[in-house]
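Residues per chain are reported as follows:
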Amino acid sequence: MFYVLSILCFRYDITIDDVRRGVNDTTSAALKAGTTISGGRQPKQKGTTCQMHAQELVVTHALGLRTRKKRGFGVVDSFESGRLLRERVKKLVSKIMDKNQRAASKNIRNIAKELCRWTSSNF
Amino acid sequence: MDVIKLLIPNETRVSGVFTMYESLLRSMRCVNNYCYRSAESNLYEDVVLTEAEWTSVAETYALLKITNRLAMTSQIDNIDANCFSYFNVAKTRDSLVMITEMGLNVLDVSATWAPTLEPSLIPTVTKGYHQLELATQTLIGRLVKEYDTYFPFPDSDQIQMMLLHPVMVWKGLL
C-alpha cells in the first residue's frame, strides 16, 4: 500500500485523503477505486464481459460451437470439422457415462484395472 | 485402485471442455477396448473414434491446454493476478503463434499408458506445424484471430492496475 500511495502521490499528486474520500463514498467511481486499490475483484471489460467469460467465447468461437452471421451472407465463420469432432467426443462420453449405461462404466473400470496391471508388469 | 471418471462439461464452464478431453484421453485404451470387446459392441459402432480422430483429439487437447492456463489465472482473486491479466492474455496468444516455429507437444496416441497415470506423465511427441493435421492448423489460426478480436488492447482498468503495480514500475515496464 505504501508503494502504491508513493507512486500515486509522486506521479499524479493523489494523496491519502483523496483515496479515503473515494473509498468511503458509495458511487460507482468510488467502488472502482476501492476495487483497484484492494485488488479484490477482477474488473469487467467494457462492452464485453469478464476475462474468464471472454475466454469462453474465444474457445467456443474458435471450435466452431458459436458462429457469427452477416445479413445477406448467412454464417460467415463456420468450422465444421472442429464442431463435428467436439460433437463426436461428447456423444461418446455421454453414451458411456449415461445413467442407463451403468454396466458400461463398470466394465470400463474392470478393463482399466486389467490395463493398470498389464502396464505395471510391462514397464 | 483409483480409477478416473469421464466428465461431461457444463455449458458455461470454459475448463469443462478441457477436462472432458483430458479424461477421455487418459482412458483412451479402456474406452477403445470396451467399445470393440464388449458383448454389446454393436451399440458403439457409431460413436467409436478412429485412430485419426484420436490424433485430432490429442492435438485439440494440446491447444486447449495452452488456453486453459489463462482461464485458471483469470479466476484468481489477488492484486498480482489483476495487474498481470493482460500480460497473461498476450502470453497465451504468443504461445499459440510460436507453435508455427517451435512445434506442439502432443500426447503420443500410439503409446499405452495406465488410466490412473497423471496427465503430465503421459508420453508426448513434439510435432512441427506442418506435421499437424489441417483442422488443427486451422484451429490455431482461429484461436489467434479470436484473441485479437476479444482482447485487442488492455482496457483502462488494466492499464491503471499495471501503472500501480510496484514491480512494473521498478522494472520499467511502463
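Residues numbered from 1 in each chain as written. Chains lettered and ligands numbered in written order. Predicted model: local features only at pLDDT ≥ 70, side-chain atom pairs only at ≥ 80, totals over all residues.

1. Details of the overall build of chain A
Condition: Numbering goes from the N terminus for both helices and strands, where a helix is a DSSP run of H or I of at least four residues and a strand is a run of E of at least two. The burial label depends on the number of other C-beta atoms within 10 Å of a residue's C-beta. Counts of 20 or more mean buried, 12 or fewer mean exposed, and intermediate counts mean partly exposed, with C-beta atoms placed from the backbone.
If you tally the helices and strands in chain A, you get 6 helices and 2 strands. Each helix and strand of chain A, placed in order from N terminus to C terminus, yields the pattern α-α-α-α-β-β-α-α. A buried classification covers 19% of the 123 residues belonging to chain A.

2. What to know about the nonpolar core
Where we set the bar: Think of a nonpolar core as buried Ala, Val, Leu, Ile, Met, Phe, Trp, Tyr and Cys residues, each tied to the set through C-beta atoms within 7 Å.
Membership of the largest hydrophobic core comes to 44 residues, with the highest contact counts inside it found for Val89 of chain A together with Tyr21, Leu24, Leu25, Val57 and Leu143 of chain B. Counting only elements with at least two residues in this core, the list comes to α4 (51-62) and α5 (80-96) of chain A together with α1 (14-26), α2 (28-37), α3 (51-73), α5 (85-102), β1 (104-107) and α6 (134-150) of chain B.

3. Comments concerning the environment of Leu163 of chain B
All names here are of chain B. Within the secondary structure, Leu163 is located in helix α7 (residues 156-164). With 17 C-beta atoms counted inside 10 Å, the residue Leu163 sits in the partly exposed group. Taking the C-alpha atoms as reference points, Leu163 and Glu51, separated by 112 residues in sequence, lie 51 Å from one another.

4. Brief notes about the confidence of the model for chain B
A low pLDDT score tells you not to read the predicted coordinates there in detail. In plain terms, the rule: The pLDDT score gives, residue by residue, the confidence of the prediction method on a 0 to 100 scale.
Scored by pLDDT, chain B has a mean of 81; 85% of the residues are at 70 or more. Confidence estimates for the predicted assembly give a pTM of 0.77 and an ipTM of 0.82.

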